[in-house]
Amino acid sequence: MPFMHIRTRFAPSPTGFIHLGNLRSALYPWAFARHNQGDFILRIEDTDLERSTQEAVDVIIEGMAWLGLDLDEGPIYQMQRIDRYREVIQQMVDAGLAYPCYMSEAELNQLREQQMTNKEKPRYNGLWRPEPGKTLPAIPEGVLPVIRFKNPIGGSVIWEDAVKGQIEISNDELDDLVIARPDGTPTYNFCVVVDDLDMKITHVIRGDDHVNNTPRQINIMRALNGTPPVYAHLPTVLNDAGEKMSKRNGAMSVRDYQKAGYLPEAILNYLARLGWSHGDAEIFTKEQFVDWFDLESLGRSPAQHNPEKLLWLNHQYIQNADVGRLAEATKPFAHQLGIDTERGPDFVQVVGLLKDRANTLLEIAEGAKLFYSPAPCHSSEQIAANIPEAVAPALKDLIDALRNSEPSKEAYGAAFKQVLAKHQLKMPALAMPVRYALFATTQTPAIDSVLVVLGKDEAIQRLTKVVL
Ligand code: GLU
């Protein structure tokens, strides 16, 4: 194939709720453009004025930025291109590629009913379609026409879908599509064609709910002397129950995942695998993904959302993340929980201690609360209930041993060992009361690490309060 400058686009309709699956339709064209040193364009298909919202646009743009899906052009809003669509409609009418149709709604409905009674597929019958030698009906007064595209008659539209293989649709299946409404506004499929041509899109990678639109779009494109792009229609993303993803059945937006403490690289990795694979690679960097991405490896069957897998991936990314960066990313979550990360133990150390057991940044922040809460005030009843009298002498010895220890995990570990041996105790018998004394809970990470993070002096102070 001669050199082709690849140009792809993500063309969302900013209507309703934008879930994770929607953003997968951005990821693949982005990766394809990046892999081929091409361009990636964001086009906002906002001509449905009633259903389009700025909120949905924001979710899309923020979500893409968060995942690092950078743009070469856009966002381009279709509503700002209306004049261009009108211009092309006029050109098509002038060139005889499209024509005004004065059939009223009522007549259309009547036609449809008749066709249904005859068990025919409802379709426009070409009444107003000009043909050589044909006399058109008299133009009714006061009726504003729609403009219809003169779809080719006979033959078929064939394309080699990069995901679905060859698809052939007979032109007999396609009636003359309305490309402009009576008020002159362009219709959806028409705008897509004009945009894909004007934007020199070479590869259209989109959801397979658009397969049915494709033959119509190809016909219009050819009428405009354009070369249809390569189409790759992605199978839908199903939720974990096997239904189409939607807000109603619990789908979450990218923003929700961000708020729940997911890392963008985990989401990107997860989305990448939701319908595409590279051997058995499950965890890969963004660079590897771009490097490996090809249309041939896109899956042909619907992908299923698996929240546990996403959580597992997030855990992997948290475990392997640079702890300084992780701490920065966790801070906003900690602040939300009322933690003042500037006062108390070093936050980076706290995060380093908690990250191996956390699945989300929120979980790290929740774990961190332990270290930033004020020292517990135990009543004597609580002390009696949680710290066995028999352990008190060991606790006193531990305080002394800690006082003489270097401030390190190893040294604190050795201090514990020495006290345990002296008092013939097993680790939990001492560690549980220590945890309780320090935090009023027995659920903490490894006690020697906890002591490092909390600091020796603070720990000794807290321990002293329960043995005196
Ligand atoms: N706006 C369409 C959608 O959100 C996508 C159109 C296209 O990619 O051609 O489903």
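Everything discussed here concerns the structure shown above.
Since we're looking at a predicted model, the values are computed, not measured.

Student: Help me understand the environment of M199, please; the structure alone is not making it clear to me.
Tutor: Position of M199 among the secondary structure elements: in the loop between α5 (188-198) and β9 (203-207). Considered as a pair, M199 and Q443 are 244 residues apart in the sequence and their alpha carbons are 58 Å apart. Other than its neighbours up to four places away in sequence, M199 contacts R7, I41, R43, I76 and R81.

Student: Just checking my understanding: could you explain the nonpolar core for this structure?
Tutor: The nonpolar side chains of a soluble globular protein tend to be buried with one another. Membership of the largest hydrophobic core comes to 105 residues, with the highest contact counts inside it found for F289, F371, L395 and L430. Per-element tally for this core: the top contributor is helix α1 (residues 20-35), with nine residues. When neighbours within four sequence positions are excluded, F371 is seen to be in contact with P345, V350, L353, F439, V450, V453 and L454. Counting residues in each nonpolar core, the second largest holds 28 residues, with A98, I218, M221 and Y231 among its members.

Student: When you look at the pattern of salt bridges in this model, what are you seeing that I'm missing?
Tutor: Any two side chains of opposite charge can pair, given that their charged atoms come close. Counted according to the given criterion, the structure contains 27 salt bridges. Here D196 ties to R9 by a salt bridge, and the two come within 3.0 Å at their closest N and O atoms. Taken together, the residues D196 in helix α5 and R9 in strand β1 (residues 7-10) connect sequence positions 187 residues apart. The same class applies to D196 and to R9, which are both buried. Residues E131 and R129 are paired through a salt bridge, measuring 2.7 Å at the closest nitrogen-oxygen approach.

Student: I would appreciate a short explanation of the sheet that holds strand β4 (residues 98-101) in the present structure.
Tutor: Strand pairing in a sheet relies on backbone hydrogen bonds. The paired strands run either parallel or antiparallel. Read from one edge to the other, the open sheet built from three strands follows the order β4-β5-β8, with strand pairing classed as antiparallel. Two strands close off the open sheet at either side, each with one partner strand: β4 and β8 (178-180). Each neighbouring strand pair of the sheet contributes to a mean axis angle of 45 degrees, computed without reference to strand direction. Bridge count for strand β5 (residues 146-149) against β8 is two bridges, and the pairing is antiparallel. In the strand pairing of β8, I147 is matched with A180.

Student: How should I be thinking about the site of the ligand in this particular structure?
Tutor: Surrounding the ligand, one finds R9, A11, P12, S13, E45, Y188, V192, R206 and H210. At 2.7 Å from an oxygen atom of the ligand is found a side-chain nitrogen or oxygen belonging to R9. In this structure, a nitrogen atom belonging to the ligand sits 2.7 Å away from a main-chain N or O atom of A11. The protein chains hide 82% of the 300 Å² of surface that the ligand would expose on its own.

Student: How do you make sense of helix α4 (residues 105-117) when you look at a structure like this?
Tutor: One full turn of an α-helix is made of 3.6 residues, so residues set three or four places apart face in the same direction. If you check α4, its first and last C-alpha atoms are 18 Å apart, about what 13 residues at 1.5 Å a residue would give, namely 18 Å. Here α4 has its buried residues at L108, L111 and Q115. Considered in projection along α4, the buried side chains sweep an arc of 60 degrees and stay on one side of the axis. Among the exposed residues of α4, those oriented more than 90 degrees off its buried face are E105, A106, Q110, E113, M116 and T117. Buried residues along α4 sit in contact with β5. Once α4 finishes, K119 follows within two positions and takes phi at roughly 60 degrees, a positive value.

Thresholds applied
Residues numbered from 1 in each chain as written. Predicted model: local features only at pLDDT ≥ 70, side-chain atom pairs only at ≥ 80, totals over all residues. Heavy atoms only, no water. Helix = DSSP H or I, 4+ residues; strand = E, 2+ residues; numbered from the N terminus. Contact = heavy atoms within 4.5 Å. Core = buried A, V, L, I, M, F, W, Y, C linked by side-chain atoms within 4.5 Å. Buried < 20%, exposed > 50% of the residue type's maximum accessible area, 1.4 Å probe, protein only. Salt bridge = Lys/Arg side-chain N within 4 Å of Asp/Glu carboxyl O. Pairing = 2+ DSSP bridges. Axes fitted to C-alpha atoms, helices over the stretch in contact; angles between N-to-C directions. Near = heavy atom within 4 Å. Polar contact = N/O pair within 3.5 Å; in protein donor to acceptor, adjacent residues only side chain to side chain. Areas by Shrake-Rupley, 256 points an atom, 1.4 Å probe, with all protein chains shown as cover. Expected span 1.5 Å × (residues − 1). Arc of directions from axis to C-beta.

It is worth stressing that arrangement in space is one thing and function is another; only the former is reported here.
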